[in-house]
Amino acid sequence: QVQLVESGGGLVQAGGSLRLSCPASGRFFSINDMGWYRQAPGEQRELVATITNGGNTNFGDSVKGRFTISRDNAKNTVYLQMNSLKPEDTAVYYCYAQARITRYSFSSAYWGQGTQVTVSS
């Protein structure tokens, strides 16, 4: 129904930058919120950033001032620009979207498979 495929992860030195992308594809009526969560080994999945289809954003405390989130509604794509990366940012980053499959359906959450981000010290 909704497929999310993350790209842009990799290995970077502390202080560096990466940009993640995640297009949504498939059959759906609309996409509402999109965003990013992350999960480090042995840790719970945590909020990185979300953005509404109107452009309102929300960030996890640990990334405020360093990460920015944006989206292209025409392309159903969400981006995460990560600057001043720290070793503690190392995690698998998951793309997230709230979507309605039809005009009459409720909104449901969809997740990508994740992309690894590793920050070396």
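Everything here concerns the structure above.
Keep in mind it's a predicted model, so treat the numbers as computed, not measured.

This part is about the overall build of the protein. On a plain count of helices and strands, the protein comes out with zero helices and 11 strands. Each helix and strand of the protein, placed in order from N terminus to C terminus, yields the pattern β-β-β-β-β-β-β-β-β-β-β. Relative to the 2.2 N^0.38 estimate, which gives 14 Å for 121 residues, the radius of gyration of the protein is 14 Å and therefore close to what a compact globule would have. Along the three orthogonal principal directions, the C-alpha set of the protein runs to about 50 × 25 × 20 Å.

All chains considered together, the criterion is met by three aromatic pairs. Ring centres of Tyr-37 and Trp-111 lie 5.3 Å apart, and the angle between their planes is 70°; on these two criteria the pair is classed as edge-to-face. A residue pair is termed long-range when its members are at least 10 positions apart, and Tyr-37 in strand 4 (residues 30-39) and Trp-111 in strand 10 (residues 108-111) qualify at 74 residues. With relative accessibility at 35%, the residue Trp-111 sits in the partly exposed group.

The subject of this paragraph is the pairing of strand 7 (residues 67-72). On strand 7, burial follows the alternation: Phe-67, Ile-69 and Arg-71 on one face are buried, whereas Thr-68, Ser-70 and Asp-72 on the facing-out side are not. Sheet analysis places strand 7 next to strand 8 (residues 77-82), joined by six bridges and oriented antiparallel. Residue pairing across strands places Asp-72 opposite Thr-77, the latter belonging to strand 8.

A separate point is the sheet that holds strand 1 (residues 2-4). Across the sheet, four strands lie side by side as 1-3-8-7; this open sheet has antiparallel pairing. Of all strands in the sheet, those bounded by a partner on one side alone are strand 1 and strand 7. Mean inter-strand twist for the sheet, computed between neighbouring axes without regard to direction, equals 15°.

Next up on the list: the state of the cysteines. Within the structure shown, the criterion is met by one disulfide. A sulfur-sulfur separation of 2.1 Å characterises the disulfide bridge that pairs Cys-22 with Cys-95. On the sign convention where negative is left-handed, the bridge of Cys-22 and Cys-95, at about -95° about the S-S bond, is left-handed. Placement of Cys-22 in strand 3 (residues 18-26) and of Cys-95 in strand 9 (residues 91-100) is noted, with a sequence separation of 73 residues between them.

With a phi close to 50°, Asn-76 is a non-glycine residue in the positive phi region. Looking at where Asn-76 falls in the secondary structure, it is placed in the loop between strand 7 and strand 8. The class of Asn-76 is partly exposed, set by a relative accessible area of 23%.

Another aspect to go through is the nonpolar core. Formed by 29 residues in total, the largest nonpolar core has its most connected members in Trp-36, Leu-80, Met-82 and Tyr-93. Here this core gets five residues from one element, more than from any other, and that element is strand 9.

Conventions adopted
Residues numbered from 1 in each chain as written. Predicted model: local features only at pLDDT ≥ 70, side-chain atom pairs only at ≥ 80, totals over all residues. Heavy atoms only, no water. Helix = DSSP H or I, 4+ residues; strand = E, 2+ residues; numbered from the N terminus. Rg over C-alpha atoms; globule rule 2.2 N^0.38 Å. Phe/Tyr/Trp six-rings, centres within 6.5 Å; stacked < 30°, edge-to-face > 60°. Buried < 20%, exposed > 50% of the residue type's maximum accessible area, 1.4 Å probe, protein only. Pairing = 2+ DSSP bridges. Axes fitted to C-alpha atoms, helices over the stretch in contact; angles between N-to-C directions. Disulfide = S-S within 2.5 Å. Core = buried A, V, L, I, M, F, W, Y, C linked by side-chain atoms within 4.5 Å.

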